[in-house]
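# Understanding the architecture of this molecule
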Amino acid sequence: MVHKIIAISGSDSPLSSNLRLLHYLKLHCADVFQIQLLSINQLPFLSAENAEKYQADLDYVRNVLHEADGVIIATSEINYSIPANIKNLIDWCSLDPSTLQHKPIMLLGASTGHLGTVRAQQHLRQILTSPGINACITHETECLVGNAPDKFSTDGQLIDSETKKILHNLCAEFYSLIQNN
């Protein structure tokens, strides 16, 4: 069975290592996951005024996430935390707890630093397991790609065999999480 997956990157830049990881997964996991990339940069910051003004956009994003079998979040790390656009998306979703509640979510991330996105993913795990969200997150395998530019070819293809192996194991865990959800 092929599962419908929504993939979110903390950056939409074509040079983003996180976006490149998502493209790798989209190509190499097509037999089990139908991955749709969802741009979240157009979402306004959370406020009552914006809720009315952007209701159609917010409803679309919530519906797409609600209908998905699972979500992949590829986060960068900024000042030991997640990018504002990912936090903003989660804040909007928390206004309708059913959007992400018990939703299988796979975390991964890449950064130029040696530790990868360890702190950002730790922070993201705290947010996603809060009572207002309560998502089901992969936890046995972590994809924390450090020194990301070294892991990709000049044309943006993932070339690091260890990262590929980790992604394979992470996808297997994610598939199992979806099946058991």
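The notes below deal with the structure included here. (Residues numbered from 1 in each chain as written. Predicted model: local features only at pLDDT ≥ 70, side-chain atom pairs only at ≥ 80, totals over all residues. Heavy atoms only, no water.)

### Comments concerning the pattern of salt bridges
The tally for this structure, following the rule as stated, stands at 4 salt bridges. For K87, the salt bridge is made with D91, and the minimal N-O distance between the two is 2.6 Å. Pair noted here: K87 and D91 are both in helix α4 (residues 84-94), with a separation of 4 residues, about one helical turn. (Salt bridge = Lys/Arg side-chain N within 4 Å of Asp/Glu carboxyl O. Helix = DSSP H or I, 4+ residues; strand = E, 2+ residues; numbered from the N terminus.)

### Examining the environment of G113
Mapped onto the fold, G113 is located in the loop between β4 (104-110) and α5 (118-128). In this view, G113 contacts G146 and N147; residues no more than four positions away in its chain are not counted. (Contact = heavy atoms within 4.5 Å.)

### Things to note about the packing of α4 against α5
At a closest axis distance of 11 Å, the pairing of α4 and α5 adopts a crossing angle of 10°. By the angle between their directions, the pair α4 and α5 is classed as roughly parallel. Listed contacts from α5 to I86, K87 and I90 of α4 are L124, I127 and L128. (Axes fitted to C-alpha atoms, helices over the stretch in contact; angles between N-to-C directions. Parallel < 35°, antiparallel > 145°, perpendicular 65-115°, else oblique.)

### Remarks on the nonpolar core
For soluble globular proteins, nonpolar side chains are generally found buried alongside one another. Judged by nonpolar contacts, the single largest core of 28 residues is most densely connected at I8, L65, I73, L89, I105, L124 and L128. Mapped onto this core, the elements with two or more residues apiece are β1 (3-9), α3 (55-67), β3 (70-75), α4, β4 and α5. Here this core takes 5 residues from α4, the largest share from any one element. Those residues in contact with L65 that sit more than four places away from it in its chain are I6, I8, L38, V71, L89, C93, T99 and K103. Counting residues in hydrophobic clusters, the runner-up holds 24 residues, among them L25, F33, V145 and F174. (Core = buried A, V, L, I, M, F, W, Y, C linked by side-chain atoms within 4.5 Å. Buried < 20%, exposed > 50% of the residue type's maximum accessible area, 1.4 Å probe, protein only.)

### So, the pairing of strand β2 (residues 33-37)
In the sheet, β1 pairs with β2 via 5 bridges, with the strands oriented parallel. When the bridges of β2 are listed, A7 appears paired with L37. A crossover connection joins β1 to the parallel β2 through helix α1 (residues 17-28); in handedness this β-α-β unit is right-handed. (Pairing = 2+ DSSP bridges. Right-handed = clockwise from strand over helix to strand, strands pointing away.)

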